[in-house]
Amino acid sequence: MLRGMATLNLWADDLEAASAWYAEVLGTAPYYVVPGGYVEFRVGDREDELGIIARSWSPHPQPDAPGGVIVNWHVDDVRSAFARLLELGATEYEGVVERGQGEGFVTASVVDPFGNVLGIMQNPHYLAMLKR
């Protein structure tokens, strides 16, 4: 059945601008590029794949408003990561929220400049998984 996330894909009307913005956010250039249609980054400890697809390539109409599924990417400090994303031009979707009863789960989410929701999270389970 499900064994792990292979690639998270986002949509953008301006693929070049989205590629540049995410390169700034991630601190790395995409490792795979299909000119005019797709870029892909390797992200984080497990080199998860983040793809950005030109919206014109979508087989189905994409919504005009942000929403839907939120994938939370682990960060070491949600507050500073959230502030940095806002400084880079994202807008707040949901501010910093402490989840649970002091268990170390903290989330926030932004809308990137291309209309995608990007979630961030401090998650002790993620850190425990890395130690295995």
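Placed above this text is the structure.
A short tour of the structure in this document, coming up. What you are looking at is a predicted structure, and each value in this text was computed from that prediction instead of being measured.

Some points on the side chain of Glu49
Then step 1. Take Glu49: it is sitting in strand S4 (residues 48-54).
Then step 2. For Glu49, the side chain forms a polar contact with the side chain of Thr7, separated by 2.6 Å.
Then step 3. In this structure, Glu49 is in contact with Met5, Ala6, Thr7, Leu8, Tyr31, Glu40, Phe41 and Arg42, ignoring residues within four places of it in sequence.

A closer look at the nonpolar core
Then step 1. With 26 residues, the main nonpolar core has Trp21, Tyr22, Leu50, Ile52, Leu85 and Ile120 as its most contacted residues.
Then step 2. Secondary structure elements with two or more residues in this core: strand S1 (7-12), helix H1 (15-26), strand S3 (38-43), S4, helix H2 (78-87), strand S7 (105-111) and strand S8 (117-122).
Then step 3. With five residues, the single largest contributor to this core is H1.
Then step 4. Other than its neighbours up to four places away in sequence, Ile120 contacts Asn72, Trp73, Val75, Val78, Ala81, Phe82, Leu85, Val106, Thr107 and Ala108.

Quick notes on the pairing of S4
Then step 1. Across the seven residues that make up S4, a large majority, seven, are buried.
Then step 2. Here S4 shows a buried face lined by Asp48, Leu50, Ile52 and Ala54 and a second buried face lined by Glu49, Gly51 and Ile53.
Then step 3. Pairing between S1 and S4: six bridges, direction parallel. Residue pairing for S4: Ala12 is matched across the bridge by Ala54.
Then step 4. Pairing of S3 with S4 involves six bridges; the strand directions are antiparallel.

Reading guide: rules and limits
Residues numbered from 1 in each chain as written. Predicted model: local features only at pLDDT ≥ 70, side-chain atom pairs only at ≥ 80, totals over all residues. Heavy atoms only, no water. Helix = DSSP H or I, 4+ residues; strand = E, 2+ residues; numbered from the N terminus. Polar contact = N/O pair within 3.5 Å; in protein donor to acceptor, adjacent residues only side chain to side chain. Contact = heavy atoms within 4.5 Å. Core = buried A, V, L, I, M, F, W, Y, C linked by side-chain atoms within 4.5 Å. Buried < 20%, exposed > 50% of the residue type's maximum accessible area, 1.4 Å probe, protein only. Pairing = 2+ DSSP bridges.

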